[in-house]
Amino acid sequence: MGRRGIKEFRAPEALALVAADRDGKPLVCPSCGTESITRTPKRPSASAPPELGRIALHCTKCGRSAAYLPRAPDPSRSPESPYPPPDES
Ligand SMILES: [Zn+2]
């Protein structure tokens, strides 16, 4: 794996980033720790229908990228976020 010139996240890093995106949390690069993550396409509003296409996450700081295909929402999970708002301090 790994095309020349394309850096990819390690598997656990990619999983963490994908999980954060799925949960609607701020995207912080698991490799370099910055919030320089570009999401393609842009994250839709909460009322938008579920996305079906490939979602690419790219860190403009360290150049690593990850991509995933969103799955249908897990019915066993509450649609409400189980996490507290990130900017509560
Ligand atoms: Zn990075």
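Everything below is about the structure shown above.
The shown structure was predicted, so the numbers you read here are calculated from the model rather than taken from an experiment.

## Some remarks on the sheet that holds strand 4 (residues 64-68)
So, step 1. Strand order across the open sheet formed by 4 strands is 1-4-3-2, with mixed pairing between neighbours. Strands at the two margins of the open sheet, each flanked by one partner only, are strand 1 (7-8) and strand 2 (37-40).
So, step 2. Bridge count for strand 3 (residues 55-59) against strand 4 is 4 bridges, and the pairing is antiparallel. If you follow His-58 over to strand 4, its bridge partner there is Ser-65.

## Thoughts on the environment of Ala-67
So, step 1. In this fold, Ala-67 is placed in strand 4.
So, step 2. Counting along the chain gives 10 residues from Ala-67 to Leu-57, while the straight-line C-alpha distance between them is 5.8 Å.
So, step 3. Beyond its immediate sequence surroundings of up to four residues, Ala-67 is in contact with Arg-54, Ile-55, Ala-56 and Leu-57.

## Let's talk about the nonpolar core
So, step 1. Core analysis: the largest hydrophobic core is formed by 7 residues, namely Phe-9, Leu-17, Cys-29, Ile-37, Leu-57, Cys-59 and Ala-66.
So, step 2. Residues in contact with Phe-9, not counting those within four places in the same chain, are Ala-14, Leu-17, Pro-30, Ser-31, Arg-64 and Ala-66.

## So, the environment of Tyr-68
So, step 1. Within the element layout of this structure, Tyr-68 appears in strand 4.
So, step 2. Of the residues examined, Tyr-68 has 16 C-beta atoms within 10 Å and is grouped as partly exposed.
So, step 3. Each C-alpha atom, one on Tyr-68 and one on Gly-53, is 8.7 Å from the other, the two residues being 15 residues apart in sequence.
So, step 4. Residues contacting Tyr-68, with those up to four places away along its chain left out, are Val-18 and Ile-55.

Reading guide: rules and limits
Residues numbered from 1 in each chain as written. Predicted model: local features only at pLDDT ≥ 70, side-chain atom pairs only at ≥ 80, totals over all residues. Pairing = 2+ DSSP bridges. Helix = DSSP H or I, 4+ residues; strand = E, 2+ residues; numbered from the N terminus. Contact = placed C-beta atoms within 7 Å. Core = buried A, V, L, I, M, F, W, Y, C linked by C-beta atoms within 7 Å. Buried ≥ 20, exposed ≤ 12 C-beta atoms within 10 Å, placed from the backbone.

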